[in-house]
Structure formats: structure tokens, C-alpha cells
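Take a look at the letters that make up each chain.
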Amino acid sequence: MVSDDENEEKKEKRRLLTVSPIAKPLAGKKLRKRTLKVIRLASEMKQLKRGVKEVVKFVRRGKKGLCVIAGDISPIDVITHVPVLCEEADTPYIYVPSKEDLAGASITKRPTCCVLVMSEPLKKEVKEEEKAKFIEDFDKVVKEVRELTASHF
């Protein structure tokens, strides 16, 4: 009988096989978990923009945040311009292996190809303790993403 750990490893290998060759920098296991945790917090605090259209709109307007892109998008042409926009706007970006992971973290059932985690809330007032925890986690993830990007390129 196959154990749960072996099933998880097989699922992980299948996910990594479907990742596009341009999906670089790709988040490792720990960074991916932290990133998805930050996405979940941002979604609860209404600081998350989903989909290519919204992400591009907010990056072009100069809003700061973290762009997370799914690496298994087909056709890849849908999102190839997003990393270029992020680099021009000095917005950090990272790829995760699966669009289903992004949808789960952003508390939607619909798979999404990219999200923008906003560093500042747009409208809704948030409790100070929640905001402090979010900012701490967000800053850690952004720092790791910038290090990974710098070492990759």
C-alpha cells in the first residue's frame, strides 16, 4: 500500500513536470508555503488582486506589492509580459508550480494565473495586530524573493 508521503511526492513531481520552462525564479517548497500563507492573509484582508488584467492594471499604476505567477499556464503567452512589467516597475515576482495552489491560497475555487499581493490596503481598515503580522510575513517573503531573483539572474 502506498503511504501519504509517497503520494505527496508523486503529486509534487507531476506538478513540477507541468511547469513551463520560462517559470524562473521558481519558489522552493519552504518559500512557496510562506508565499501561499501571505496570499491567504492578503485575501482575508482584501489586499489581493487576481488575474492578469487586474495585476497588469495595478502594476502599471505604480502600486507596490508582490506578484505571484503560476508556472503551469497554457498557453504561456498569456502571462509572458507580466514579469517584464514587474521588472520595469521594480515589483518583485515569483513563480509557483500550480494555478490551483494560487486559487486555494486566495480563497477562490477558480484557478488563477497570477495574483498581486498589495503591500498597503486600499480601503478596508484592518486591526493593528493583523496588519503587523501580515507586514512582517510579507517583508520576509519579499526579502527572500529578491535574494532568489538576484542569485538567479
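Scoring rules and cut-offs
- Residues numbered from 1 in each chain as written.
- Predicted model: local features only at pLDDT ≥ 70, side-chain atom pairs only at ≥ 80, totals over all residues.
- Heavy atoms only, no water.
- Helix = DSSP H or I, 4+ residues; strand = E, 2+ residues; numbered from the N terminus.
- Buried < 20%, exposed > 50% of the residue type's maximum accessible area, 1.4 Å probe, protein only.
- Contact = heavy atoms within 4.5 Å.
- Areas by Shrake-Rupley, 256 points an atom, 1.4 Å probe, with all protein chains shown as cover.
- Core = buried A, V, L, I, M, F, W, Y, C linked by side-chain atoms within 4.5 Å.
- Expected span 1.5 Å × (residues − 1).
- Polar contact = N/O pair within 3.5 Å; in protein donor to acceptor, adjacent residues only side chain to side chain.
- Salt bridge = Lys/Arg side-chain N within 4 Å of Asp/Glu carboxyl O.
- Phe/Tyr/Trp six-rings, centres within 6.5 Å; stacked < 30°, edge-to-face > 60°.
- Lys NZ or Arg CZ within 6 Å of the ring centre and 35° of its normal.

Q: What's the story with the overall build of the chain in this structure? I'm lost.
A: Counting secondary structure elements, the chain contains six helices and four strands. For the chain, the sequential pattern of α-helices and β-strands runs α-α-β-α-β-α-β-α-β-α. Looking at the chain residue by residue over its 153 residues, the buried ones come to 44%. Here the contacts in the chain between residues at least 6 apart in sequence split such that 83% fall between residues at least 24 apart. Counting only carbon and sulfur atoms, one obtains 52% of the accessible surface of the chain, whose full area is about 9300 Å².

Q: Can you help me understand the nonpolar core in this one?
A: The nonpolar side chains of a soluble globular protein tend to be buried, and buried together. Within the largest apolar cluster, 44 residues are counted, with the highest numbers of intra-cluster contacts made by Ile39, Val82 and Val117. Mapped onto this core, the elements with two or more residues apiece are α2 (29–44), α3 (52–60), β2 (65–70), α4 (82–88), β3 (93–96), α5 (99–105), β4 (114–118) and α6 (128–152). Of the residues forming this core, the biggest block, six residues, is contributed by α2. Excluding residues that lie within four positions of it along the chain, Val117 makes contacts with Val38, Ile39, Ala42, Gln47, Leu48, Lys64, Gly65, Leu66, Phe134 and Phe138.

Q: Just checking my understanding: could you explain α2 for this structure?
A: Spacing of three or four residues puts side chains on the same side of an α-helix, whose turn is 3.6 residues. Compared with an ideal rise of 1.5 Å per residue, which puts 16 residues at 22 Å, α2 spans 23 Å between its outermost C-alpha atoms and is within 8% of the ideal. Among all positions in α2, only Leu31, Arg32, Thr35, Leu36, Val38, Ile39, Leu41, Ala42 and Ser43 are buried. Of the residues trailing α2, Lys46 is marked for its positive phi of about 60°.

Q: Hey, could you run me through the environment of Thr35 in this one?
A: Position of Thr35 relative to the elements: it lies in helix α2. Residue Thr35 is classed as buried on the basis of its relative accessible area of 1%. As for Thr35 and Val117, which are separated by 82 residues in sequence, their C-alpha atoms are 9.7 Å apart. Not counting the four nearest positions on each side in its chain, Thr35 is found in contact with Leu66, Val68, Ile94 and Val141. A distance of 2.6 Å separates a polar atom in the side chain of Thr35 from the backbone oxygen of Leu31.

Q: What am I meant to see in the pattern of salt bridges here?
A: A side chain with one charge can pair with a side chain of the opposite charge if their charged atoms come near. Tallied over the full model, the rule gives five salt bridges. The shortest N-O distance in the salt bridge between Asp137 and Lys37 comes to 3.9 Å. Here Lys37 lies in helix α2 and Asp137 lies in helix α6, a separation of 100 residues in the sequence. For Asp137, a relative accessible area of 11% translates into the label buried. Here Lys133 ties to Asp137 by a salt bridge, and the two come within 3.2 Å at their closest N and O atoms. Taken together, the residues Lys133 and Asp137, both in helix α6 and four residues apart, mark about one turn of the helix. Look at Lys133 and you get partly exposed, because its relative accessible area is 41%.

Q: For this particular structure, what's the right way to read the packing of aromatic side chains?
A: The description of an aromatic ring pair rests on the distance of the ring centres and on the angle between the ring planes. In total, this model carries two aromatic pairs according to the counting rule given. With a centroid separation of 6.3 Å and 80° between ring planes, the pair formed by Tyr93 and Tyr95 is classed as edge-to-face. Assessed through its relative accessible area of 2%, Tyr95 is described here as buried. Seen from their ring centres, Phe134 and Phe138 are 5.7 Å apart, and the 25° between their planes marks the pair as stacked. Taken together, the residues Phe134 and Phe138, both in helix α6 and four residues apart, mark about one turn of the helix. Exposure class is identical for Phe134 and Phe138. Each is buried. A cation sits over an aromatic face here: Arg61 above Phe58, 5.7 Å from the ring centre.

From the geometry alone we can't say anything about function, so treat these as descriptive.
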